[in-house]
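Overview (structure and organization)
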Amino acid sequence: MRSLALAPILLLVLTACGGEDAVTPPLAPSGALPPPTAAPVAAGAPGISLEAAGISAAEMDVKADPCQDFYQFACGTLVDKSEIPADRTSWGPVAQLQVRNEEFLRATLDRARDKAGDDPAAKKIGAWYGACMNEDALEKSGAKPLQPLLDGIDKIKDVKGLYAEVAALHKHAIFPFFEVSSQQDFKDATLVIAALDQSGLGLPNRDYYLDDDAHTKEIRTFYQGYVERLFGLLGARGDVAKKAAEDVLRIETALAKISQDKVARRDPYKIYNKIDRKGLAAASKGFPWDDYWKTLGFPEVKDISVNSVPYFTALDALLKAEKPEAFRNYLTSVTVRSQASRLSSAFVKERFAMKQKLTGQKELEPRWRRCVSSTDDALGELLGQEYVKQKFDADSKREAKALVEGIRGAMKTELGGLPWMDASTRTAAVDKLTRMNDKIGYPDHWRSYDFEVGADYAANALAADAFDLARTLKKVGKPVDRGEWQMSPPTVNAYYDPSLNEMVFPAGILQAPFFDKRFTPAVNYGSTGAVMGHELTHGFDDEGSQFDGSGNLRNWWSDATGKLFKEQTKCVIDQYSAYEAVPGVHVNGELTAGENIADIGGLALAYSAYRNVRKGAKDPITSGGYTEDQLFFLAYGQSWCSKIRPEVLEMMAKTNPHSPPRFRVDGVVADVPAFAQAFSCKASTPMRPAKACGVW
Ligand SMILES: [Zn+2]
């Protein structure tokens, strides 16, 4: 479980779906791409083939003008001609790599389930996967695994009973009203404190309860029906289920109203409020906090950060405003919703219908994919060990390390020459860069999972969640462990954590087509170099720049330089606010500012790092008629090729701090002048605008 108050800044989030039980990306059959076509070869230049260089000719649309719409040029055939597999929400190189990784993990898990031998790690992941795959057993037990929890909820007769039951559910990592976790103290990066955060909504965020446009209303109505159907599956009579769903919507809407919005959630000063036990008791007078910590098994907790004091004060009033029956319905709903994917097919089917409404995904992922993903979530560092052995050798690690160092060097040069930065800020920035840690591939030490895995899947899942929560809370009051990872090794993603001032690149993303030690340098830098530049730049985006080299939330900017930084940020906000994610829905420039700054800075850094390694090279490596510089940008563009369902694009625009892939390419190359040079774009073409933004 990751710290709640400030999520690590990810590289990509395409399928976030909200709710307690994040919907994991499904997989797709291979062969959904059109067969490769001949690349448009400019006259002359011999060089190596595009495929050998690491570029996919089949994804390109060479009839498009790269200076008008580079995304279309790099990805047009994939976007226009490929079909998104029915059990996916998007398709492109990221999804294809996920397919390969998951197929590998499936084979590993099949072996572990069928012949684990004496290896305890194999036994554990095999048992988890085996229980998850046992559909007969799941059908037989229906909702029975939840019965003890539901019985507890049914006993609520008054507000005192409600308080006790909230604590009991939290112990199982089921979070009505708010979530509990631990986090690094924003202002003392050496220490872990407890964290309480808003939670308990079943739709992706507060806007889904409060917006009044027709589509949002439609989703809300569907959601109410979903809750009603879940109550029906638990055996409630029609009118009772209907009334229960009304209660749930009313309570969740009240929670939405007091919740922070998505832009506030990116401001570390707005989500960090360190109060001690007394402060919490004063903010929320009715809630029996001493009993709460005791029930969780951590009566000694002292320092706590809440995302917002007014939230907890308002929640206190809300907890007295409804009848016990309404609260029983709400708690039941949160419990069933959070566990639905672990129950029999009737629950799974309803849950998928809700996901389908939000994402447009046509079919439920096959069982094995859901079970691979659940094993990775619950036992990621056991499952990841075999992946690392087979898929990430010492050479790859060395090459990736050299790439990071190249990017770091480019940032150092950049900081040295920035005209808008004064000397004192520059010194602090260089210090932050020097102290930024990087992790590549997999952890130095594998973590342990000290909970029992038996034949009952839902029970296993509850045990894993409870163990993970207890493990998280055990850290409170102790020094920070800097060796931990927040992603499993096979994950196709990366992150920067501002409290740790570190960037992390799992083995899962350091694979073709993003990275291969055999690819030409222009391609590795354009793709993985830009990913590394992106994560490094997060340390200096509008959010990350508020933390210093030690990971403390502290203003190290002079007033004058800080003002210029804000002006540059404003330019990026305005640029992206003008883009439309889907017709009628604009990209939220403020919400996506950090990611866009990281994209622009990341590509600029990768470009200078790549020019550095190729400086003085005798022969440029051309391919398919493209120059080295063109290959660099093609690799960048293609790393984002993605066909995405319109429902997902709309949901991303409403919830996600990342811009849609098209703008992660076109918006970015327009701000990196080397692109216009490489493709000889005329002045005032879209990819060479009169005014370019960019902070780094
Ligand atoms: Zn990012």
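Residues numbered from 1 in each chain as written. Predicted model: local features only at pLDDT ≥ 70, side-chain atom pairs only at ≥ 80, totals over all residues. Heavy atoms only, no water.

This next bit is on the confidence of the model for the protein chain. Averaged over every residue, the pLDDT of the protein chain is 92; the share at 70 or more is 93%. Below pLDDT 50 for its whole length, residues 1-6 participates in 25 contacts with residues either more than four positions away or in separate chains. (pLDDT = per-residue confidence, 0-100. Contact = heavy atoms within 4.5 Å.)

Running from N to C, helix α18 (residues 394-417) and helix α21 (residues 521-538) cross one another at 60°; their axes reach a closest spacing of 9 Å. Of the possible angle classes, the one that applies to α18 and α21 is oblique. Crossing hand, α18 versus α21: right-handed. Where α18 approaches α21, its residues Ala400, Ala402, Leu403, Val404, Ile407, Arg408 and Met411 are matched on the opposing element by Asn524, Tyr525, Thr528, Gly529, Met532, Gly533 and Leu536. Of the residues belonging to the contact of α18 with α21, the class tally is nine nonpolar, four polar and one charged. (Axes fitted to C-alpha atoms, helices over the stretch in contact; angles between N-to-C directions. Helix = DSSP H or I, 4+ residues; strand = E, 2+ residues; numbered from the N terminus. Parallel < 35°, antiparallel > 145°, perpendicular 65-115°, else oblique. Left-handed = near helix turned anticlockwise from the far one by under 90°. Nonpolar A, V, L, I, M, F, W, Y, C, P; charged D, E, K, R; others polar.)

The next thing to look at is the environment of Met503. Along the chain, Met503 falls in strand β9 (residues 502-506). As for Met503 and Arg471, which are separated by 32 residues in sequence, their C-alpha atoms are 23 Å apart. With residues up to four places along the chain from it excluded, the contact list for Met503 reads Val404, Arg408, Met436, Asn437, Asp438, Lys439, Tyr495, Tyr496, Met532, Glu535 and Leu536.

Most of strand β4 (residues 188-198) is tucked away, with eight of its eleven residues classed as buried. The turn linking strand β3 (residues 178-185) back onto β4 is made up of two residues. Examined bridge by bridge, β4 and strand β6 (residues 304-306) share three bridges and lie parallel to one another. What sits directly across from Ala195, in β6, is Ser305. (Buried < 20%, exposed > 50% of the residue type's maximum accessible area, 1.4 Å probe, protein only. Pairing = 2+ DSSP bridges.)

What follows concerns unusual backbone geometry. Cis geometry is found at the peptide bond from Ala512 to Pro513, where omega equals 5°. The residue Pro513 is located in the loop between β9 and α21 in this model. The backbone phi angle of Phe177 is positive, close to 70°, even though this residue is not glycine. In this fold, Phe177 is placed in the loop between α7 (159-171) and β3. For Ser684, which is not a glycine, the phi torsion comes out positive at approximately 65°. By the element assignment, Ser684 lies in the segment after α27 (673-678). A relative accessible area of 61% means that Ser684 is categorised as exposed.

In terms of residue burial, β9 counts as a mostly covered element, since five of its five residues are buried. Side chains of β9 alternate between two faces, with Glu502, Val504 and Pro506 and Met503 and Phe505 buried alike. Bridge count between strand β7 (residues 437-441) and β9: five bridges; the pairing is parallel. What sits directly across from Asp438, in β9, is Met503. Here strand β8 (residues 495-497) pairs with β9 via three bridges, running antiparallel. Looking at the pairing, Tyr495 lines up with Val504 of β9.

It is worth spelling out the packing of aromatic side chains at this point. Inspection of every chain in the model, using the stated rule, returns 46 aromatic pairs. Both rings, one in Phe540 and one in Trp556, keep their centres 6.4 Å apart while their planes meet at 90°; by these two values the pair is edge-to-face. Here the residue Phe540 occupies a position in the loop between α21 and α22 (559-577), and Trp556 occupies one in the loop between α21 and α22, the gap between them amounting to 16 residues. Exposure class is identical for Phe540 and Trp556. Each is buried. One aromatic cluster in this structure is built from Phe70, Phe73, Tyr607, Tyr610, Tyr626, Phe632, Phe633, Phe675 and Phe679. Sitting over the face of the ring of Tyr208, Lys654 holds its NZ or CZ atom 5.0 Å from the ring centroid. (Phe/Tyr/Trp six-rings, centres within 6.5 Å; stacked < 30°, edge-to-face > 60°. Lys NZ or Arg CZ within 6 Å of the ring centre and 35° of its normal.)

Moving on: the domain arrangement of the protein chain. Considered domain by domain, the protein chain is made up of domain 1 (148-342) and domain 2 (393-435 + 512-548 + 557-696). Summarising the inter-unit geometry, the C-alpha centres of domain 1 and domain 2 are found 38 Å apart. Contacts between the two partners involve 14 residues from domain 1, matched on the other side by 14 residues from domain 2. Across the interface of domain 1 and domain 2, roughly 1200 Å² is buried in total on both sides, 53% from carbon and sulfur atoms. Put simply, Glu543 and Arg266 hold a salt bridge, and the shortest N to O gap is 3.8 Å. At the boundary of domain 1 with domain 2, the tally comes to five residue pairs in polar contact (both at pLDDT 80 or more). (Domains from an automatic or database assignment. Buried area = accessible area lost by both parts, 1.4 Å probe. Salt bridge = Lys/Arg side-chain N within 4 Å of Asp/Glu carboxyl O. Polar contact = N/O pair within 3.5 Å; in protein donor to acceptor, adjacent residues only side chain to side chain.)

The mixed open sheet is built from four strands, whose spatial order is β3-β4-β6-β5. The two strands at the open ends of the sheet, each matched to only one other strand, are β3 and β5 (273-275). Geometrically, the sheet is characterised by an average inter-axis angle of 35° between neighbouring strands, direction not taken into account. Along the sheet face, helix α14 (residues 309-318) touches β3, β4, β5 and β6 and points at about 35° away from the line of β4.

Glancing now at the pattern of salt bridges. For the coordinates displayed, the defined rule picks out 43 salt bridges. For Arg369, the salt bridge goes to Asp87, with nearest N and O atoms at 2.4 Å. Here Asp87 lies in the loop between α2 (70-81) and β2 (90-91) and Arg369 lies in helix α17 (residues 367-391), a separation of 282 residues in the sequence. Residue Glu252 pairs with Arg337 through a salt bridge whose shortest N-O separation is 3.8 Å. Within this pair, whereas Glu252 is found in helix α10 (residues 238-258), its partner Arg337 is found in helix α15 (residues 324-339), the two being separated by 85 residues in sequence. In the salt-bridge network here, residues are joined through shared partners; they are Lys243, Asp247, Arg250 and Glu322.

The subject of this paragraph is the packing of helix α6 (residues 147-154) against α15. Relative to each other, α6 and α15 sit at 165°, their axes nearing to 9 Å. One finds that α6 runs roughly antiparallel with respect to α15. Once α6 is placed against α15, the crossing between them reads as right-handed. Residues Leu149, Leu150, Ile153 and Asp154 of α6 touch α15, and the partners they reach there are Arg328, Leu331, Thr332, Thr335 and Val336. Of the residues that constitute the contact of α6 with α15, the class distribution is five nonpolar, two polar and two charged.

Glancing now at the state of the cysteines. In this structure the tally under the stated criterion is four disulfides. Here Cys67 pairs with Cys681 through a disulfide, and the sulfurs are 2.1 Å apart. In this structure the cystine formed by Cys67 and Cys681 twists about its S-S bond by roughly -85°; its chirality is therefore left-handed. A residue pair is termed long-range when its members are at least 10 positions apart, and Cys67 in the loop between α1 (50-53) and α2 and Cys681 in the segment after α27 qualify at 614 residues. Taken individually, Cys67 and Cys681 each receive the classification buried, so the pair is uniform in this respect. Cysteine pairing for the protein chain (bonded cysteines numbered in sequence order): 1-7, 2-6, 3-4, 5-8. (Disulfide = S-S within 2.5 Å.)

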